There are 2 protein chains.
Amino acid sequence: MPFKVGDKWSWLILRCLEAGPRRFSELKVPLRGITAKVLAQSLRALERDGLLTRTEFEENPPRVEYELTALGHSLFGPMDAVCAWAREHLGQVDAARARAEAAG
Amino acid sequence: MPFKVGDKWSWLILRCLEAGPRRFSELKVPLRGITAKVLAQSLRALERDGLLTRTEFEENPPRVEYELTALGHSLFGPMDAVCAWAREHLGQVDAARARAEAAG
DNA sequence: CCGGATCCACTTAGATACTG
DNA sequence: CAGTATCTAAGTGGATCCGG
């Protein structure tokens with residue numbers, strides 16, 4: 001892929017936005033362990049590629065909302081195909097690894 | 001994904017094996033630019049995860065063949081879904097990036 | 001609240017040289 | 001032919017501190 005959906009967090013971020021717009025801190029919580037820097041970084045990249053929009057509200061305290069674009073939503077089709085594969089076959093992968101571990 | 005199909009080469013390697021078994025040097029050619037080290041590394045990882053098999057022939061000169069397992073073949077379903085998405089939408093991603101670039 | 005700036009640790013891959 | 005060994009370069013993510 002020419003853009004970053006293969007990295008550590010982007011996939012999860014998109015999932016967190018599937019049900020509707022979320023603000024920065026609402027994303028940080030479910031993505032346990034992500035730092036603010038990396039979250040901001042990832043969001044900028046996804047925005048740059050047109051998968052989500054960033055809306056800044058002129059309030060106090062400040063509020064920023066992220067929302068999927070139609071393009072972003074269209075990714076869930078292939079993503080679900082991969083997830084389905086994982087559900088069906090990941091046990092086989094783990095088993096193969098266990099055998100390799102035992103042999104090797 | 002818990003295993004490496006998201007890295008730089010694994011996806012391409014699997015594609016090169018789609019039509020049937022190939023030997024080491026037959027993989028190196030179409031994967032232009034891959035080094036022997038990285039190819040060997042990737043193949044070992046894919047073998048470890050049960051996606052392909054490695055068969056060493058006791059000949060001279062030596063010959064080693066790599067072949068997809070049923071599990072490996074089963075990956076093409078979701079892979080094709082992602083490729084179809086890319087064909088349909090990658091233009092939009094590029095356009096978004098060009099706009100972001102222009103905007104600064 | 002939403003990050004940017006800086007520094008650091010780790011992983012990957014490329015280059016090169018060598019071997020059974 | 002089919003790798004391994006070693007070194008280096010680059011990218012990515014984490015930790016911490018600081019600012020609008």
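This is a predicted model, so every value here is computed, not measured. (Residues numbered from 1 in each chain as written. Chains lettered and ligands numbered in written order. Predicted model: local features only at pLDDT ≥ 70, side-chain atom pairs only at ≥ 80, totals over all residues. Heavy atoms only, no water.)

### Focus on the overall build of chain A
Along its length, chain A carries 5 helices and 3 strands. For chain A, the N- to C-terminal ordering of α and β elements is α-β-α-α-β-β-α-α. Taking 2.2 N^0.38 as the reference for a compact globule, 104 residues should give roughly 13 Å; the C-alpha atoms of chain A span a radius of gyration of 17 Å, well beyond that estimate. With the C-alpha coordinates of chain A rotated into their principal frame, the extents come out at 60 × 25 × 25 Å. Here chain A, with 104 residues, has 35% of them falling under the buried criterion. In chain A, the proportion of contacts linking residues at least 24 apart, taken out of those at least 6 apart, comes to 45%. Carbon together with sulfur atoms contributes 53% to the accessible area of chain A, which is approximately 6000 Å² in total. For chain A, the centre of its 15 positive side-chain charges and the centre of its 14 negative side-chain charges are spaced 6 Å apart. (Helix = DSSP H or I, 4+ residues; strand = E, 2+ residues; numbered from the N terminus. Rg over C-alpha atoms; globule rule 2.2 N^0.38 Å. Buried < 20%, exposed > 50% of the residue type's maximum accessible area, 1.4 Å probe, protein only. Contact = heavy atoms within 4.5 Å. Areas by Shrake-Rupley, 256 points an atom, 1.4 Å probe, with all protein chains shown as cover. Lys, Arg positive; Asp, Glu negative; His and termini not counted. Charge placed at Lys NZ, Arg CZ, Asp CG, Glu CD.)

### Re the protein's contact with DNA strand C
Inspection of the region around DNA strand C gives 20 residues, with Ser-25, Arg-54 and Tyr-66 of chain A together with Lys-8 and Lys-37 of chain B positioned closest. Considering the 4 Å shell around the protein, atoms of DNA strand C inside it are sugar or phosphate in 66% of instances. Between DNA strand C and the protein, one listed contact pairs a phosphate oxygen with a side-chain N or O atom of Ser-25 of chain A at 2.8 Å. Lys-37 of chain A places a polar side-chain atom, nitrogen or oxygen, 3.5 Å from a base oxygen of DNA strand C. Elements represented by at least two residues in the surface near DNA strand C include exactly helix H2 (24-28), helix H3 (36-48) and strand S3 (63-68) of chain A together with helix H3 (36-48) of chain B. For the surface near DNA strand C, the residue count by class is 10 nonpolar, 2 polar and 8 charged. (Near = heavy atom within 4 Å. Polar contact = N/O pair within 3.5 Å; in protein donor to acceptor, adjacent residues only side chain to side chain. Nonpolar A, V, L, I, M, F, W, Y, C, P; charged D, E, K, R; others polar.)

### Some words on the sheet that holds S3 of chain A
Residue and element names in this part refer to chain A. What the 3 strands build is an open sheet, ordered S1-S3-S2; its pairing is antiparallel. Each edge of the open sheet is held by one strand with a lone partner, namely strand S1 (22-23) and strand S2 (52-57). Where S2 meets S3, 6 bridges bridge the pair, whose relative direction is antiparallel. Residue pairing for S3: Glu-56 is matched across the bridge by Val-64. With respect to the sheet, H3 is in contact with S2 and S3, its orientation differing from that of S2 by roughly 115°. (Pairing = 2+ DSSP bridges. Axes fitted to C-alpha atoms, helices over the stretch in contact; angles between N-to-C directions.)

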